[in-house]
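In case you want the letters, here they are:
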Amino acid sequence: MNIDGPWRNAAHGAGLLGSDGTPAATIFAEMSALAVRTGAINLGQGFPDEDGPVEVLDAARRAISDGENQYGAGMGHPLLRSAIADHQRRFYAQALDPDREILVTAGATEALAATLLALVERGDEVVTFEPFYDAYGALIALAGAKHVTVPLRAPDFAPDLDELARAVNDRTKVILVNDPHNPTGATLGDAAKRRIIELAERHNAYIVTDEVYEHLRFETPHVPIATLPGAVERTISISSGGKTFSTTGWKIGWAMARPELIQAILAVKQFLTFVSGTPFQPAIAAGLALPDSFFAGVADTLRAKRDLLSTGLRGAGFHVFESRATYFVVTDVSPLGFTDAVEFCRDLPQRAGVVAIPLSAFYTAEHRGDAASLVRFAFCKKFDVLDDAVARLGALVAA
């Protein structure tokens, strides 16, 4: 069978296929397998090891018992779309029409995929910051676009606004922004948001925002770009319930935009999954209606976990960069005498019984050297697991 074609070139370019044409193994799969094989604590992948709030779990059980188990509305369950609109009004004073400006998707990744496939034509450019969540490169390539990156450099991982301005031009169709930022834990400042809006308007580009960590900020409250002057007409805001409610396996996400943009995204999305997770949608709606104390508590708990792991990493000899949000903290292993983060991460399970991810996994091939000695750890684990990990990492000092 001949399976050559444009998609194959895009897949190779995005790192989806190896040199033999088979699916490429990712560093995430390699490290997770290493954790299982060695019995190491997995601080590599960003998923919690505790269930979400009982109100959300019980709502899913009720929905299943009540027969919410078949195909639902293509735009998403009305309860969830209404809850998303209420959430945006409550936290951001943003008015959305739940019937025309909100689309429920199979996680934020499907929302991103459908958005890029709907808006981007072959040869267009999509600008992201680098490092970037690994799906971005693959989705941009599969849409046939050119991926243009703007570096985020240590120690604060903030963009240089002049470099951003040079990256955006009349060929730019989308500026894709992840705020709060995975993998660095950085948050985007007001000046950068205003510059993004200005550049998008000047070059007639769309702004696509990935805001799945919106409630997992430790210093300042989240401000969506779509709520700022000049942004709403050209912005597609994307979020999900997985990170906030510790239900990453449910894959319930959503896109928010003007009706004509939602219709364009729906035209693609309906041929990807049509609908997904019917009983989980009213459950996420119940989560979005939880009191403010819940959302504050989620951030407070993660902040304490960040502090616990960061302190332990410093004690073990790592240089630790500040994490202002998300599940993640970035470290430099060069003070420990290592210059190759990939080899360090492959050796760490045997040396200390802990798994981490080299930050270079979130870079394009030509820029991986910028993260040669940088490693990402996830702190979205139980306190006793983090205590154990910190104790194990102490072996690096003793070695």
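Residues numbered from 1 in each chain as written. Predicted model: local features only at pLDDT ≥ 70, side-chain atom pairs only at ≥ 80, totals over all residues. Heavy atoms only, no water.

Going by the annotation in an unreviewed UniProt entry, the name recorded for the protein is Aminotransferase class I/II-fold pyridoxal phosphate-dependent enzyme, with Gryllotalpicola reticulitermitis given as the source organism. For the protein, the Cofactor (unreviewed entry) comment in UniProt is given as "pyridoxal 5'-phosphate". (UniProt positions renumbered as here; feature names shortened; annotations may be inferred.)

1. Considerations on the packing of aromatic side chains
On inspection of all chains with the given rule, the structure shows 17 aromatic pairs. Centroid distance Y71 to F274: 6.0 Å. Interplanar angle 75°. Geometry classified as edge-to-face. Taken as a pair, Y71 in the loop between α3 (54–65) and α4 (78–92) and F274 in the loop between α9 (259–269) and α10 (280–288) lie far apart in primary sequence, 203 residues in all. Take Y71: its relative accessible area is 72%, and that puts it in the exposed class. The partly exposed category is assigned to F274, whose relative accessible area is 36%. Measuring from ring centre to ring centre gives 6.3 Å for F91 and Y92, while their planes differ by 50°; the resulting arrangement is tilted. Exposure remark for F91: the relative accessible area of 27% places this residue in the partly exposed category. An aromatic cluster is built from F91, Y92, F245, F294 and F295, whose rings are joined through pairwise contacts. Note that R376 overlies the ring of F328, its terminal NZ or CZ placed 3.7 Å from the centroid. Above the face of the F47 ring, K381 is positioned so that its terminal group lies 3.9 Å from the ring centre. (Phe/Tyr/Trp six-rings, centres within 6.5 Å; stacked < 30°, edge-to-face > 60°. Helix = DSSP H or I, 4+ residues; strand = E, 2+ residues; numbered from the N terminus. Buried < 20%, exposed > 50% of the residue type's maximum accessible area, 1.4 Å probe, protein only. Lys NZ or Arg CZ within 6 Å of the ring centre and 35° of its normal.)

2. Details of unusual backbone geometry
Working note: non-glycine residues mostly have negative phi, and peptide bonds are mostly trans. Note that the residue after D179, namely P180, is joined by a cis bond; omega there is -5°. Note that P180 resides in the loop between β6 (172–178) and α8 (190–202). With an omega dihedral of 25°, the bond running from N182 to P183 counts as a cis peptide bond. Here P183 lies in the loop between β6 and α8. A positive phi angle, near 75°, is found at T326, a position not held by glycine. The class of T326 is buried, set by a relative accessible area of 0%.

3. Topic: empty space enclosed by the protein
Following the criterion strictly, the structure yields three cavities of 30 Å³ or more and no others. Its volume calculated, the largest cavity comes out at about 40 Å³. Lining the largest cavity are V177, D179, K193, T209, D210, E211, H222, V223, P224 and I225. Along the lines of polarity and charge, the residues of the lining of the largest cavity split into four nonpolar, two polar and four charged. (1 Å grid on protein atoms, 1.4 Å probe; cavity = no way out; pocket = protein on both sides within 12 Å on 5 of 7 lines; lining within 4 Å. Points joined across faces, edges and corners; volume = space filled by probe spheres on them. Nonpolar A, V, L, I, M, F, W, Y, C, P; charged D, E, K, R; others polar.)

4. Here we look at the UniProt feature "domain: Aminotransferase class I/classII large" (unreviewed entry) in the protein
What UniProt calls "domain: Aminotransferase class I/classII large" (unreviewed entry) maps, in this numbering, to residues 40–381. Between the end C-alpha atoms of residues 40–381 the distance is 14 Å, and the span holds 37% helix and 18% strand.

5. Some thoughts on the state of the cysteines
Under the counting rule described, the total for this entry stands at zero disulfides. C380 provides the cysteine sulfur closest to C345, a residue in no disulfide bond, and the two sulfurs are 16 Å apart. Owing to a relative accessible area of 0%, C345 belongs among the buried residues under this scheme. (Disulfide = S-S within 2.5 Å.)

6. Topic: the environment of D190
Mapped onto the elements of the fold, D190 is located in helix α8. Overall, D190 belongs to the partly exposed group, its relative accessible area being 48%. In sequence terms D190 and A226 are 36 residues apart; their C-alpha atoms lie 13 Å from each other.

7. Digging into the sheet that holds strand β11 (residues 328–332)
A sheet is described by the order of its strands in space; here four strands give the open sequence β10-β11-β14-β13, paired in antiparallel fashion. Two strands in the sheet have a free side with no partner beyond their single neighbour: β10 (319–320) and β13 (357–358). Strand direction decides the pairing type here: β11 and strand β14 (residues 374–378), joined by five bridges, are antiparallel. Pairing of V330 across the sheet is with R376, part of β14. Its contacts with the sheet place helix α11 (residues 292–315) against β10, β11 and β14, and it is angled at close to 10° to β11. (Pairing = 2+ DSSP bridges. Contact = heavy atoms within 4.5 Å. Axes fitted to C-alpha atoms, helices over the stretch in contact; angles between N-to-C directions.)

8. A short note on the pairing of strand β3 (residues 125–130)
Most of β3 is tucked away, with six of its six residues classed as buried. With six bridges joining them, β3 and strand β4 (residues 146–153) adopt parallel strand pairing. The residue of β4 that forms the bridge with F129 is V150. As a crossover connection, the stretch from β3 through helix α6 (residues 134–142) into β4 is right-handed. Judged from the four bridges that link them, β3 and β6 form a sheet pairing that is parallel. Bridge pairing in β6 links T128 to L176. (Right-handed = clockwise from strand over helix to strand, strands pointing away.)

9. A word on the nonpolar core
Counting 123 residues, the largest nonpolar core has I196, I236, F318, L348, F377 and L393 as the members making the most contacts within it. In terms of residue count, helix α5 (residues 107–119) provides more of this core than any other element does, seven residues in total. When neighbours within four sequence positions are excluded, I236 is seen to be in contact with T115, L119, Y206, I207, V208, T209, A255, M256, A257, L261 and I265. (Core = buried A, V, L, I, M, F, W, Y, C linked by side-chain atoms within 4.5 Å.)

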